[in-house]
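Read off the chains here:
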Amino acid sequence: MLLVLLTGCALPDAPPSRSVEVGAAPGPAASQLPPHQRWGLPSPLSPAPSPPRHPTRPADGLPPVLDHVPTPHKVVFLTYDDGAEKDPRFVDMVRELRLPVSMFLTDSVVGPGYGHFARLRSVGASIQNHTLDHAALRGLPYAGQRAEICGQQHKLRTRFGIRPHLFRPPYGTYDTTTRRAAADCGIRAIVLWRATMNADDLTFTKGPAQLRPGDIISIPSTEAPKPMLRERTTHLLRRVQEAGLTVGRLEDYL
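Residues numbered from 1 in each chain as written. Predicted model: local features only at pLDDT ≥ 70, side-chain atom pairs only at ≥ 80, totals over all residues. Heavy atoms only, no water.

> It is not clear to me how the state of the cysteines should be interpreted in this structure. Could you clarify?
A covalent bond between the sulfur atoms of two cysteines is referred to as a disulfide. This model, assessed by the stated rule, comprises one disulfide. What pairs with Cys150 in a disulfide is Cys185, and their sulfur atoms sit 1.8 Å apart. Between Cys150 and Cys185 the sulfur-sulfur dihedral comes to about -105 degrees; the bridge is accordingly left-handed. Remark: Cys185 occurs in the loop between helix H7 (176-184) and strand E6 (189-191) and Cys150 occurs in helix H6 (residues 142-160); sequence separation between them is 35 residues. (Disulfide = S-S within 2.5 Å. Helix = DSSP H or I, 4+ residues; strand = E, 2+ residues; numbered from the N terminus.)

> Whenever I open this one, the packing of aromatic side chains confuses me. Can you help?
The relative placement of two aromatic rings is captured by the distance of their centres and the angle of their planes. By the definition in use, this model includes three aromatic pairs. Residues Phe77 and Tyr253 carry aromatic rings whose centres are separated by 5.1 Å and whose planes lie at 65 degrees to one another, so their mutual orientation is edge-to-face. Taken together, the residues Phe77 in strand E2 (residues 75-82) and Tyr253 in helix H9 (residues 250-253) connect sequence positions 176 residues apart. Under the relative-accessibility criterion, Tyr253 is labelled buried at 3%. (Phe/Tyr/Trp six-rings, centres within 6.5 Å; stacked < 30°, edge-to-face > 60°. Buried < 20%, exposed > 50% of the residue type's maximum accessible area, 1.4 Å probe, protein only.)

> What is the right way to look at helix H3 (residues 88-97) in this model?
Residues spaced three or four apart along an α-helix point in a common direction, a consequence of the helix completing one turn every 3.6 residues. Burial of H3 is extensive: seven of the ten residues sit out of reach of the surface. Residues Arg89, Phe90, Val91, Asp92, Met93, Val94 and Leu97 constitute the buried set of H3. Buried residues along H3 sit against helix H2 (35-38), E2, strand E3 (101-105), helix H5 (114-122) and helix H8 (229-242). Measuring from the backbone nitrogen of Arg89 back to the side-chain oxygen at the start of H3 gives 3.0 Å, which picks out Asp87 as the cap. Two residues or fewer past H3, Arg98 is found with a positive phi of approximately 50 degrees. (Contact = heavy atoms within 4.5 Å. Polar contact = N/O pair within 3.5 Å; in protein donor to acceptor, adjacent residues only side chain to side chain.)

Okay, structure coming up:
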């Protein structure tokens, strides 16, 4: 199912002057500020509540396909695709804000950059599966889909000693064969998204053009040098806070 994006609202202005410019080199004055101000946020992120029970598995026994998590908690989930952007300052951001993020990695995109994602994992990011080669899976035979999904499971196990249980199909396209192949590769849930954070614009696949509790947000890789990943993340976090929400750890809910 190919997802069509709807244009969201304009982003808010920069926070008050006590916060430092996103991406600027930290100086002595900036180092004295609390983490949220160092990263351009008007207030600290609220702690996420303890997650409820996991979603019920579909009657067919295959992994559920989710673009949001049914939850009464005022949380959203930040997911990053592909692995093309390897900004070392983003690692600092995740560590200092204790930001729960999920990285869906594609082997052919990450290339020799797995060390960067090892550093991200060491500061709390989770690593999940986005196929070997970023192929559109829908319509491919079972063997081809299984090779893409299980092949990346093997890569991630070799690199990190983990076996991811979440999978994002490239372009958001999938079919029943995708779900079968994913299940056979040890995947528990197929993760889509209801919102996307692009350069400076939040767009939505369906429903109201505003963030809601349980929304899964995709932050895709971009080839443009600006705005950098940490800048887009700051824009997004401001929107999250304006909506009265905070960030939860997706893996705790699925």
